[in-house]
Amino acid sequence: MGKGFFKVPKAVNEPVKSYAKGTPEREAVLKAYKELWNSTIDVPLYIGAEQIRTGKTKNMTAPHNHKHVVGTYHLAEKQHVEKAIATALEARKKWAALSWQERASIFLKAAELIAGPYRAKINAATMIAQSKTVHQAEIDSACELIDFLRFNVEFMTNIYNDQPISTDGVWNRVEYRPLEGFVYAVTPFNFTAISGNLPASAALMGNVVVWKPSNAQVFSANVIMQIFKEAGLPDGVINFINGDAAMITETLLASPDFAGIHFTGSTGVFQDIWKKIGNNIHNYKTYPKIVGETGGKDFIVAHPSAISKQVATAITRGAFEFQGQKCSAASRVYLPKSKADEILNFVKEDVLSFKMGTPENMENFITAVINENSFDKLAKYIDQAKKDTDAEIFVGGGYDKSEGYFIEPTVIVTTNPKYTTMETELFGPVVTVYVYDDNKWEKTLKLVDETSEYALTGAVFSQDRYALSQAIKALENAAGNFYINDKPTGAVVGQQPFGGARASGTNDKAGSAQNLLRWVSPRLIKETFVPPVDYRYPFLG
């Protein structure tokens, strides 16, 4: 076989299509939407070369029309989870030995399939399964997933190129081995791109994976598996299972071959998994890598010098795009008294202009929240705010689940900076505003830092550079992704590596080489060309 030092195609961010009226992409996605909507998809377990249908199934429905069944997915029993482990470990023998450029080719091909023939299908599936507008689906399931796949290949080569120095007569080199065992990937409902990236990034580095997507995202996750298969991913490298999360996790973490977890989801679940790993630590062949991105209670803080309309637009987009169901969504806002009324009135004007309904109607800016549990939780907090004396509903506050799980975008204004919705992660289209006295800027920064257990994203708006400098320093531990004069959402792969600390996760920065480094175990090889033949050092003479 020919050899060479191969250069991969330069990674560039995938352009976001407009889906404006009359564009071919708009026609294509609407056609794909109708086809999927009128089909009944049957999603199996993908274990090795097998597509297993257990006969135990659950329905998949659309959040904006929960009576409409778009398909079913099959549930794994413990024996299937054990089979997935065995299949992955068997596949590892060939996959870990495969040259890096062969692995890279598969995921680069997957990116091209999404950019081309699968673009309409994966976007439409995300619109149906997660109730995303076409723009939110495009920036997620198409562009961000493409970016993850392309940039990860480039990051991989940068890692492999990072080599130690060598001295006279000695050649030092590092090889970046995959982990010894399998990786467990747990992915959330809200981003199709995350769903694809968590198993793919580990697999790219030579690992084998058992992947459990969110029950609410199986519909679009199935499209990802179809893409990986068409791209030439060998059987058993990524095994796709659904079912009882507790049983699946318990079975996987009990295996001595468990080597790592790549997780995005709730803080409580991640903490429970971490605890289970700790309890099992004596059983493992190696110390598992634990990588997780969890919750957020993300902030926007405006200085008195901020431009009101800019702050209002950041709130409107940051809090309400995709119904606030982003880990990075703006959820608590601090406004100076001198600008608060003006900013809030701009926000109200925006909110009252929103149209809400099915994502198939592209006039709609707001669609449904993911499921009934989410709907009921949000309705409870809204109802409580209507009763409390230290809070008021400034705009919104309505909800209806008769057809879909629709929550009106809601702004709560509170006089209590520690009001429950200033501290609790809601994961919906509800944002809470606290108004502070203009002369309490530094005190407010301290309040922002101390209010939440999370530290994922945050934004500061100011035209005063001294005030910005104060905020950057005071809030250095409050957000892993910190935005100056911008909304706290919308991180782009290769531009803003994403992740937070505190209760928001391990801050391993998805969309960067830092994340990929967690999926390798480096081995240093020192080769001495002419070894010594006498133990005596010169000082002994």
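Residues numbered from 1 in each chain as written. Predicted model: local features only at pLDDT ≥ 70, side-chain atom pairs only at ≥ 80, totals over all residues. Heavy atoms only, no water.

**A word on the UniProt feature "domain: Aldehyde dehydrogenase" (unreviewed entry) in the protein chain**
Part 1 of the reasoning: What UniProt calls "domain: Aldehyde dehydrogenase" (unreviewed entry) maps, in this numbering, to residues 56-514.
Part 2 of the reasoning: A distance of 40 Å separates the end C-alpha atoms of residues 56-514, which is 43% helix and 21% strand. (UniProt positions renumbered as here; feature names shortened; annotations may be inferred. Helix = DSSP H or I, 4+ residues; strand = E, 2+ residues; numbered from the N terminus.)

**What about the state of the cysteines?**
Part 1 of the reasoning: Inspection of the entire model under this criterion finds zero disulfides.
Part 2 of the reasoning: Cysteine Cys143 is unpaired, with the sulfur of Cys327 as its nearest cysteine sulfur at 19 Å.
Part 3 of the reasoning: Note on Cys143: relative accessible area 3%, which makes it buried.
Part 4 of the reasoning: With a relative accessible area of 8%, Cys327 lands in the buried category. (Disulfide = S-S within 2.5 Å. Buried < 20%, exposed > 50% of the residue type's maximum accessible area, 1.4 Å probe, protein only.)

**Structural notes on the side chain of Gln217**
Part 1 of the reasoning: With respect to the helices, strands and loops of the structure, Gln217 is situated in the loop between strand S8 (208-212) and helix H7 (218-231).
Part 2 of the reasoning: What makes Gln217 buried here is its relative accessible area of 0%.
Part 3 of the reasoning: Gln217 has contacts with Gln130, Thr187, Pro188, Phe189, Thr192, Ser195 and Ile224, leaving out every residue within four places of it along the chain. (Contact = heavy atoms within 4.5 Å.)

**Quick look at the sheet that holds strand S17 (residues 410-414)**
Part 1 of the reasoning: Read across the open sheet, the seven strands follow the order S14-S17-S18-S13-S12-S20-S21; overall the sheet is mixed. The open sheet terminates on both sides in strands that have one partner only, identified here as strand S14 (391-395) and strand S21 (481-484). Taking each pair of neighbouring strands and ignoring which way they run, the sheet shows an average axis angle of 20 degrees.
Part 2 of the reasoning: Pairing between strand S20 (residues 457-461) and S21: four bridges, direction parallel. Each bridged residue has a counterpart across the sheet, and for Gly458 the counterpart in S21 is Phe482.
Part 3 of the reasoning: Running over the sheet, helix H15 (residues 465-474) touches S20 and S21 and is turned about 170 degrees from S21. (Pairing = 2+ DSSP bridges. Axes fitted to C-alpha atoms, helices over the stretch in contact; angles between N-to-C directions.)

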